Amino acid sequence: MKRFSRRQFIKLCTASVTALGISQVWVPAIGEAFQKTVQGSPPVLWIQGSACNGCSSSLMNSVHPNIKEVLDEIINISYHPGLAAETVRFLPDYLVDTAQKNSGKFILVVEGAIPTADHGNFHIIGQDSRGKKVTLIELLEKLGELAETTVAVGSCASFGGISAAEPNDAECVGLEKLIEVSKVINIPGCPPHPDWIVGTLAHLLLFGRPELDDYGRPKTFFQGLIHNNCPRRQYFDNSIFARKYGEEGCLLQIGCKGPLAHGDCPTRLWNGASSWCVNANAPCIGCTDPSFPDLTMPFYKRMPEIKGPGITSTADAIGITAGAVTAAGFAVHLAGNYFSGRIGKKNSRGDDK
């Protein structure tokens, strides 16, 4: 078999679905590589914390490859609470035993936030053979030490997400608060795209750890701002804003967080490459951002104002520093549009005053 390079893999993963016609991960060369290695690939232990199971549901909606191909030919999944063939009587013992037998080799996948209140007693993962109740915190601390890599799937596991939204009585946190940061790869999203999950695991199996951004997200999928590739970008550049759903124009006025969120949603698309939030006339809610959801709410109201020449735009404050960076970015962008003549006269929907 001709060797499939990391560069080719990244190129496929970042290319547009429109250009390829299929999901970027599953092509013959990669498929053949997996078929040759899956038998000896490290086991995957998938643990669910405080979450809605939407990330697992998203994975099961993978199209190319479909979920059967994922499970049969890509992921050597030793445990998943929803996909496991058999129930395990003493689950904590089984998971720790599997981890110890594959110490430094297996991949730990965590879906959902980790409740830390009351010493972790808000989430009991099961009972061991001695009759002792084992909390999610206890289990993850043991597995995290033994795992080669830990993958946080979804915004809850990555940064706390909705589970950690105020008032957060269960004191939920993301995985990085519990496990050494250098061992964690974050795949945020509520839920994440199935390609992001499969593509990251594929990279781990074929080439090792992918290149990550400052928030531990694979750059392959999260490098660009959603705003930059939005099909409604020209409306923003010309100061045409929708005031209500179904209306033409940029969706910033009705709450779009695209200028803050990173991801390739506009080019990858969802549901078999058929659509995404903005195509359905819904604003981006910024679910891949570490500030989601507390600082991106209300989802359907505009963010605090940042005024520029010929236009009033919006941005959210993700902490003082991030907010200043966002404001500076908008200022440069808007000034460029203004002096290059790209910003047109406002119509009735674009007048923000």
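All values reported here derive from a predicted model rather than from experimental measurement. (Residues numbered from 1 in each chain as written. Predicted model: local features only at pLDDT ≥ 70, side-chain atom pairs only at ≥ 80, totals over all residues. Heavy atoms only, no water.)

Formed by 40 residues in total, the largest nonpolar core has its most connected members in Val109, Val151, Leu201 and Trp276. Breaking this core down by element, the ones donating at least two residues are β1 (44–48), α4 (54–60), α5 (67–74), β3 (107–111), β7 (149–153), β9 (184–187), α9 (194–207) and α10 (219–222). With 5 residues, α9 is the largest single contributor of residues to this core. What Trp276 contacts, discounting residues up to four positions off in sequence, is Ile226, Cys230, Pro231, Cys265, Pro266, Leu269 and Trp270. (Core = buried A, V, L, I, M, F, W, Y, C linked by side-chain atoms within 4.5 Å. Buried < 20%, exposed > 50% of the residue type's maximum accessible area, 1.4 Å probe, protein only. Helix = DSSP H or I, 4+ residues; strand = E, 2+ residues; numbered from the N terminus. Contact = heavy atoms within 4.5 Å.)

With 3 bridges joining them, strand β5 (residues 124–127) and strand β6 (residues 133–135) adopt antiparallel strand pairing. Paired with Gln127 across the strands is Lys133, a residue of β6. What sits between β5 and β6 in their antiparallel hairpin is a turn of 5 residues, with Gly131 showing a positive phi close to 90°. (Pairing = 2+ DSSP bridges.)

This paragraph deals with the packing of aromatic side chains. Within the structure shown, the criterion is met by 7 aromatic pairs. Considering the side-chain rings of Tyr245 and Tyr300, the 6.2 Å spacing of their centres and the 80° angle between planes classify their relative orientation as edge-to-face. Separated by 55 residues along the polypeptide, Tyr245 in the loop between α11 (233–237) and α12 (265–268) and Tyr300 in the loop between α12 and β10 (305–308) bring together distant segments of the chain. For Tyr245, a relative accessible area of 47% puts it in the partly exposed group. Following the ring pairs from residue to residue traces out a cluster consisting of Tyr245, Phe292, Phe299 and Tyr300. (Phe/Tyr/Trp six-rings, centres within 6.5 Å; stacked < 30°, edge-to-face > 60°.)

Everything listed here is a matter of coordinates, which is why it stays silent on function.
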